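Remarks on the overall topology
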Amino acid sequence: MRGVEGLVSEVEALKRRLRAVILAHNYQLPEVQDIADFVGDSLGLARKAVESGADVIVFAGVSFMAEMAAVLNPDKVVLHPNPCAGCPLANYLSPQRVREVRSEIPNTPIVLYVNSLTRAKVEADYVVTSASAAKLISRLGEEVVVFGPDRNLADHVSTVTGKHVLPLPPHGHCPVHEYLLNEYYVAKALAENPGAKLIAHPETPRKVRAIAHAIGSTSQMLEKIKGINGKVILATEEGLTYRARKLYPSRAKEIIPANPLAVCVDMKKITLMDVLRSLKLMKHRVRVDPEVARRAREVIERSLEIIK
Ligand code: SF4
């Protein structure tokens, strides 16, 4: 039976032969992060895919992320190692509901979080990441904006921009951030680590964000750690802790997950074996309807125009 080293060298050899690149989200399993050419957040990875010049992209993340990579790289082969890895947050909002809201409250901009279904994105006016949401919404002329599908991020953006941000749907949330990173776990982590600085993802509930030293997307969280010495508690999916400890091995920083059980089971569905199988069998090819992909690129480009 092959050990991890055997799997890794097989993946490396296939990667070279196929001119492939492996992109992994910050929440992936450690062994998948380690084999990746780039680790980052969804939009950062999709951009890396464009820049990489590779013929084949293996996207280790949940399905909407792999679709984004396919949308932005229509001429490349994009493979998703495990199509069962979906995102419960994205599933909260159907394209039909976005169309209904547009006719119920016309002339109100509809902004969607990148953590949404591709077919829902194409019905929106703008698409943002957690890093760019407040910036884009603050630059819109309108005072009332529809935002979905994460109600916590909608609330955060409303606090930062002072605008009336209507969450769509009213109850959309990431189960990991909502239930496993609520005030109970975060207060416990703070009590066990006196003096630690808390950095929270904006998908966490309001009570957690209210006591955070800083709030930001996964990339922003990694950036904020740079300026802190001593203990740092990360209130987000636990995979980011592995990434952060690798980036900052100095003993001057102690990086602690707010809850080590805050695991996104979908993100963890992709194993090293899945990555190997993906390259060997060229599976599972991500195919986005060309017209849907064209419309999605239009929404993304419109959004990037505003935040540049
Ligand atoms: S952590 Fe939450 S938002 Fe991210 S993929 Fe998992 S369920 Fe979706």
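Rules used throughout
Residues numbered from 1 in each chain as written. Predicted model: local features only at pLDDT ≥ 70, side-chain atom pairs only at ≥ 80, totals over all residues. Near = placed C-beta within 6 Å. Nonpolar A, V, L, I, M, F, W, Y, C, P; charged D, E, K, R; others polar. Domains from an automatic or database assignment. Contact = placed C-beta atoms within 7 Å. Helix = DSSP H or I, 4+ residues; strand = E, 2+ residues; numbered from the N terminus. Pairing = 2+ DSSP bridges. Axes fitted to C-alpha atoms, helices over the stretch in contact; angles between N-to-C directions.

Remarks on the site of the ligand
As a matter of local geometry, the ligand sits amid 13 residues, with Cys87, Leu89, Cys174, Val176 and Cys264 nearest to it. Of the residues contributing to the shell around the ligand, the split by class is 10 nonpolar, 1 polar and 2 charged.

What about the domain arrangement of the protein chain?
Partitioning the protein chain into domains gives domain 1 (4–86 + 267–288), domain 2 (90–173) and domain 3 (176–257). A C-alpha centroid distance of 25 Å is found between domain 2 and domain 3. Residue-level contacts link 9 residues of domain 2 with 13 residues of domain 3. Partitioning the side of domain 2 that touches domain 3 into residue classes produces 2 nonpolar, 5 polar and 2 charged.

Quick notes on the environment of tyrosine 92
Looking at the element boundaries, tyrosine 92 is found in the loop between strand S4 (77–79) and helix H5 (95–104). The spacing of tyrosine 92 and leucine 117 is 25 residues in sequence and 9.1 Å in space, taken between C-alpha atoms. With residues up to four places along the chain from it excluded, the contact list for tyrosine 92 reads Pro149, Pro169 and Gly172.

Side note on the sheet that holds strand S3 (residues 56–60)
Pairing between the strands of a sheet is mediated by backbone hydrogen bonds and can be parallel or antiparallel. Across the sheet, 4 strands lie side by side as S2-S1-S3-S4; this open sheet has parallel pairing. Strand pairing shows two members of the sheet lacking a second neighbour, strand S2 (38–40) and S4, which therefore form its edges. Averaged over all pairs of adjacent strands, the angle between strand axes in this sheet comes to 20°, irrespective of strand direction. Relative to S4, S3 runs parallel, the two sharing 3 bridges. Among the inter-strand pairings, isoleucine 57 is bridged to a residue of S4, identified as valine 78. Across the sheet, helix H14 (residues 272–281) lies against strand S1 (20–25), S3 and S4, angled at about 155° from S3, the strand it touches most.

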